[in-house]
Amino acid sequence: MDEDMVFDPSLKKKKKKKTGFDIDAALAGDQGESTSVEAPAASGDVDLPEDDNLDLDNFGKKKKKKKKGVFNMEELENTMPETPPAEEQEPQEDDVIDDLDLEIDFSKTKKKKKKKNIEEPMIEDDIKGEDQENIEDTTGDWIGTDRDYTYDELLERVFDIMREKNPSMVSGKKQKFIMRPPQVVRIGTKKTSFANFTEICKTLHRQPKHLLDFLLAELGTSGSVDGNSQLIIKGRFQQKQIENVLRRYIKEYVTCHTCRSPDTILQKDTRLFFLQCETCGSRCSVASIKSGFQAVTGKRAAIRAKTA
Amino acid sequence: MSIQNLNTFDPFADAIKSSEDDVQDGLVHVRIQQRNGRKTLTTVQGLSSEYDLKKIVRACKKEFACNGTVVEHPEYGEVLQLQGDQRENICQWLTKSGLVKPEQLKVHGF
Ligand SMILES: [Zn+2]
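Since the structure is predicted, the reported quantities are computational estimates derived from the model, not experimental observations. (Residues numbered from 1 in each chain as written. Chains lettered and ligands numbered in written order. Predicted model: local features only at pLDDT ≥ 70, side-chain atom pairs only at ≥ 80, totals over all residues. Heavy atoms only, no water.)

A. Quick look at the side chain of Gln 81 of chain B. Secondary-structure assignment places Gln 81 of chain B in strand E4 (residues 77–83). For Gln 81 of chain B, a relative accessible area of 10% corresponds to the buried category. Among all residues touching Gln 81 of chain B, those that are not within four sequence positions of it are Phe 293 and Ala 295 of chain A together with Leu 41, Thr 42, Thr 43, Val 57, Asn 67, Gly 68, Thr 69 and Val 71 of chain B. (Helix = DSSP H or I, 4+ residues; strand = E, 2+ residues; numbered from the N terminus. Buried < 20%, exposed > 50% of the residue type's maximum accessible area, 1.4 Å probe, protein only. Contact = heavy atoms within 4.5 Å.)

B. Looking closely at the coordination of the zinc ion. In the first shell of the zinc ion, the protein supplies Cys 256 of chain A (SG), Cys 259 of chain A (SG), Cys 277 of chain A (SG) and Cys 280 of chain A (SG), at 2.2 to 2.3 Å from the metal. Every donor counted, the four donor atoms about the zinc ion form angles of 106 to 113 degrees at the centre, which fits tetrahedral coordination. (Donors = N, O, S within 2.8 Å, 3.2 Å for Na, K, Ca; no water. Tetrahedral: all angles 85-135°; square planar, octahedral: opposite > 155°, others 65-115°.)

C. Region of the structure containing unusual backbone geometry. Residues and elements named next belong to chain A. Of note in this structure, Arg 260 is not a glycine but carries a positive phi near 65 degrees. Along the chain, Arg 260 turns up in the loop between helix H12 (239–254) and strand E5 (264–269). On the basis of relative accessible area, Arg 260 is assigned to the buried category, the value being 10%.

D. Up close: the sheet that holds strand E4 (residues 231–234) of chain A. All names here are of chain A. The four strands are arranged E1-E2-E4-E3 in an open sheet whose pairing can be described as antiparallel. Of all the strands in the sheet, just strand E1 (184–187) and strand E3 (223–225) have a single pairing partner and so form its edges. Strand after strand, the sheet turns through a mean of 20 degrees between neighbouring axes, direction not considered. Direction of pairing for E1 relative to strand E2 (residues 191–194): antiparallel, over a ladder of four bridges. For Val 185, the partnering residue across the bridge sits in E2 and is Ser 193. (Pairing = 2+ DSSP bridges. Axes fitted to C-alpha atoms, helices over the stretch in contact; angles between N-to-C directions.)

E. Spatial organisation of the interface of chain B and chain A. Listed per partner, the contact involves 20 residues of chain B and 17 residues of chain A. Both faces combined, the contact of chain B with chain A buries some 1,600 Å², and carbon together with sulfur accounts for 50% of it. On the chain B side of the interface with chain A, the three residues burying the most area are Gln 33, Gln 34 and Phe 110 of chain B, jointly 39% of the side's total. Along the contact surface separating chain B from chain A lie zero salt bridges. For the pair chain B and chain A, the number of links is eight residue pairs in polar contact (both at pLDDT 80 or more). Put simply, the parts of the chain that give the side of chain B that touches chain A at least two residues each are strand E1 (28–34), strand E2 (40–45), strand E3 (68–73) and E4 of chain B. (Buried area = accessible area lost by both parts, 1.4 Å probe. Salt bridge = Lys/Arg side-chain N within 4 Å of Asp/Glu carboxyl O. Polar contact = N/O pair within 3.5 Å; in protein donor to acceptor, adjacent residues only side chain to side chain.)

F. Structural detail: the packing of aromatic side chains. Under the counting rule described, the total for this entry stands at five aromatic pairs over all chains. Aromatic side chains Phe 237 of chain A and Phe 110 of chain B sit 5.5 Å apart centroid to centroid with 65 degrees between the ring planes, which places their arrangement in the edge-to-face category. Placement of the pair is Phe 237 of chain A in the loop between E4 and H12 and Phe 110 of chain B in the segment after strand E5 (105–107), with the two residues belonging to separate chains. For the pair Phe 237 of chain A and Phe 110 of chain B, a shared accessibility class is recorded, and that class is buried. (Phe/Tyr/Trp six-rings, centres within 6.5 Å; stacked < 30°, edge-to-face > 60°.)

G. Here's a closer look at the pairing of strand E7 (residues 283–286) of chain A. All names here are of chain A. In the sheet, strand E6 (residues 272–277) pairs with E7 via four bridges, with the strands oriented antiparallel. Within E7, the position partnered with Leu 275 by the bridge is Cys 284. Connecting E6 to the next strand, E7, in antiparallel fashion are five residues, including Gly 281 with a positive phi near 80 degrees.

H. Molecular detail of the pattern of salt bridges. Residue and element names in this part refer to chain A. According to the stated counting rule, one finds eight salt bridges over all chains in the structure shown. The partner of Arg 248 in a salt bridge is Glu 218, and the shortest N-O contact between them spans 2.5 Å. Of this pair, Arg 248 sits in helix H12 while Glu 218 sits in helix H11 (residues 208–219), and the two are 30 residues apart along the sequence. The exposure class assigned to Glu 218 is buried, which follows from its relative accessible area of 6%. Residue Arg 247 is joined to Glu 243 by a salt bridge in which the shortest nitrogen-to-oxygen separation is 3.5 Å. Of this pair, Arg 247 and Glu 243 both sit in helix H12, four residues apart, roughly one helical turn. Taking relative accessible area as the criterion, Glu 243 reaches 5% and is therefore assigned buried.

So, in structure tokens, the structure goes:
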């Protein structure tokens, strides 16, 4: 069908394009919010889209939230007086009384910046800009001092290290491979052709027989690969339906169950299949393909004639 | 020295076993099959044999306004068959009635 439809099983949480065949959607749809294993990966801190700004933004967001708390504190001073610690409340009271004093008193500490925010509500961009400044300030801040590291500094540090060691993660290009959507055409009234079946097997690095077994078991039908390496399936199926089944196949047998990397090997080991991840090294068993119960749907008279 | 306490005895082993015997892999497989033309068929395999499937099918037929039957299969036991794509209906019904836990359900098909 569409030539530019892409299949994108990358880690990114990017909004899925309508035409795209996006494994994230499949995974998210199937697992819902309850996925706990992938939580750190999906939480938005690790997912780094192409533009490098975003990691900063992420941090900015976090810091902003903190600041917002301070901000609110002033606004809601009357409504919730208990929540802010006493020491932080004091400067605000001073603030009202005497601005100059405060500036001198707190000029050395971080509070100055907070105060600035309180005094003159800034537009978001300004705050962000300041936060970026702030981050640059804080990174080397503890060098030479023996004070305790703040949470944000440590968080920053660990993400810096992560980014440094995994440049590919920053660009967001990692673990992204493009797969064409299945080309599904009806043949006559009773059969369906899956034209690029072999090509998709190659993209997924899976034996055609394995994918074939899965497709036929899931669709509850029969079929075979013909001379033109296309798969002929009995029954009428639409592209969307084949796509759904493929998504489930990829989720179960291609992407790593731990890190969702598609760089995996499927090994057969004493009747069981194992998915070995080349990225994180995890190895887990995957469900064996069983077609299960199949109802008799053909003409019973014909079957009887055949078996008799 | 007695190492009796270190024996790996699972007091619930028999309970787990008996419940798994009934439903093979412990899952209830809901599948769809195409029949001639646009018609489809939904099958439910793996329901516990403790349940009266005849009663279930009677309730389902009424609830989903479709025909249905119970077939006996040598390997898979009693299997529920319903006309049309009733996968969503049957899943909801089975969980709502408490016969099957949501995590036990495995829906196949497109
Ligand atoms: Zn992995």
